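# Summary of the model geometry
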Amino acid sequence: MTSSITIATRESRLALWQAEHVQARLAGELGIQAALLGMTTRGDQILDRTLSKIGGKGLFVKELEAALAEGRAQLAVHSLKDVPMELPDGFALAAVLEREDPRDAFVSNDYASLAELPEGAVVGSSSLRRVTQLLSLRPDLRVEPLRGNLDTRLRKLDEGGYHAIVLAAAGLKRLGLAARVRALFQVDQMLPCAGQGALGIEIRADDAALAEALAKLVHAPTLMACEAERAVSRALGGSCSLPLAAHAHWQRGTLCLDAALGHAELHASPLLRASVAADVADVDTARSLGQQAAARLRELGAGSYLPG
């Protein structure tokens, strides 16, 4: 491995912040100098349809993976929630960094909380997970699609298209926009998606030297929590077309995992919820915990909620 590498990244302001954060850590902790290769993905280009209708969150990573495969970059930085549960052959997730706030944020110019919204208020979100949980809390709301990067979504709110929007708190905090948050949803109100708030570093699977170096950046508690969350989604065939939430948190040495599943089409259907916990010391045990949560959801009737 050379002492100078290239990082593939999307070109949104948040994606560049994430890449620059990894760039600084590579230099400061590993002595590796890195240049950035900015790229526009299909997920960034197609904004008139929801992700579930155009191929899912994987559209945010495919162009970056092509850059890795072609040798134009050696690693890619992703929001872990955008990384498909199964990576294509030839790629590996080399590191998961310490998680920022995983919660969802309520953002509005006129209302301080979800409870303050008037009946029939328009709330912006294109996440099926958020849609089903919002309607579980407030069935009277009109939840309308909202695509684009973080700045674009805030602009659409400011232009008056929505009474409120829901965004990941982590992105707002990373860009110094925490003041836009009117309220944070506690996880028992709105459960985050797998990996929310964490950054993942993807490399070619055959780059053993880089994998060894990046292992020093892994935050083990975040990695195990996210592996448990991602295992729930993997076991249920999770994708953008499935309103599935999974969030794990630590209580001393015990990993507590909550999962929730809504119906993608029948939004009035009750949310299915499962909670499991175990003493977890490695990735395999974390994944097993995720599989237990998925099995519990199936016992509750998840089969009728899943695509045929």
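In this report, we go over the structure that sits alongside the text.

Here is what the cut-offs are and how they apply
- Residues numbered from 1 in each chain as written.
- Predicted model: local features only at pLDDT ≥ 70, side-chain atom pairs only at ≥ 80, totals over all residues.
- Heavy atoms only, no water.
- Helix = DSSP H or I, 4+ residues; strand = E, 2+ residues; numbered from the N terminus.
- Contact = heavy atoms within 4.5 Å.
- Salt bridge = Lys/Arg side-chain N within 4 Å of Asp/Glu carboxyl O.
- Pairing = 2+ DSSP bridges.
- Axes fitted to C-alpha atoms, helices over the stretch in contact; angles between N-to-C directions.
- Left-handed = near helix turned anticlockwise from the far one by under 90°.
- Buried < 20%, exposed > 50% of the residue type's maximum accessible area, 1.4 Å probe, protein only.

### Regarding the environment of Met39
Summarising the element assignment, Met39 is placed in strand β2 (residues 33-39). Taking the C-alpha atoms as reference points, Met39 and Ser108, 69 residues apart in sequence, are found 31 Å from one another. With near-sequence residues (within four places) excluded, Met39 lies in contact with Ala8, Thr9, Arg10, Glu11, Glu63, Leu64, Ala67 and Arg72.

### Thoughts on the pattern of salt bridges
Scanning all chains against the criterion turns up 17 salt bridges. Salt-bridge contacts for Glu70 lead to Arg72; the nearest nitrogen and oxygen are separated by 2.8 Å. For Asp101, the salt bridge goes to Lys173, with nearest N and O atoms at 2.8 Å. With Asp101 in the loop between β4 (91-96) and β5 (104-107) and Lys173 in helix α7 (residues 169-174), the pair connects residues that are 72 residues apart, well separated along the chain.

### What to know about the sheet that holds β5
Either a parallel or an antiparallel arrangement is found when strands of a sheet pair, and the pairing is made through backbone hydrogen bonds. Spatially, β7-β6-β8-β5-β9 is the arrangement adopted by the 5 strands of the open sheet, whose pairing is mixed. With one partner strand each, in any of the chains shown, β7 (142-144) and β9 (183-184) form the two edges of the open sheet. Relative to strand β8 (residues 164-168), β5 runs antiparallel, the two sharing 4 bridges. Residue pairing across strands places Val107 opposite Ile165, the latter belonging to β8. Against the sheet, helix α5 (residues 128-137) makes contact with β5, β6 (122-124), β7 and β8, and its axis sits at roughly 130 degrees relative to β8, the strand it touches most. In the packing of helix α6 (residues 150-158) onto the sheet, the strands contacted are β5 and β8, and the crossing angle to β8 comes to about 165 degrees.

### Structural notes on the packing of helix α9 (residues 220-235) against helix α10 (residues 283-299)
α10 packs onto α9 with a crossing angle of 40 degrees between their chain directions and a minimal axis gap of 7 Å. As for how α9 packs across α10, the hand of that crossing is right-handed. Contact with α9, carried on its side by Leu223, Met224, Glu227, Ala228, Ala231, Val232 and Ala235, involves Val283, Ala286, Arg287, Gly290, Gln291, Ala293, Ala294, Leu297 and Arg298 of α10 and no other residues of that element.

### Things to note about the side chain of His247
When you line up the elements, His247 lands in strand β11 (residues 244-251). His247 has contacts with Arg99, Pro102, Val187, Leu191, Pro192, Glu229, Cys256, Leu257 and Asp258, leaving out every residue within four places of it along the chain.

### Digging into the environment of Met85
On the secondary structure map, Met85 appears in the loop between β3 (75-79) and β4. The buried category is assigned to Met85, whose relative accessible area is 17%. For Met85 and Arg234, which are 149 residues apart along the polypeptide, the C-alpha to C-alpha distance reads 5.8 Å.

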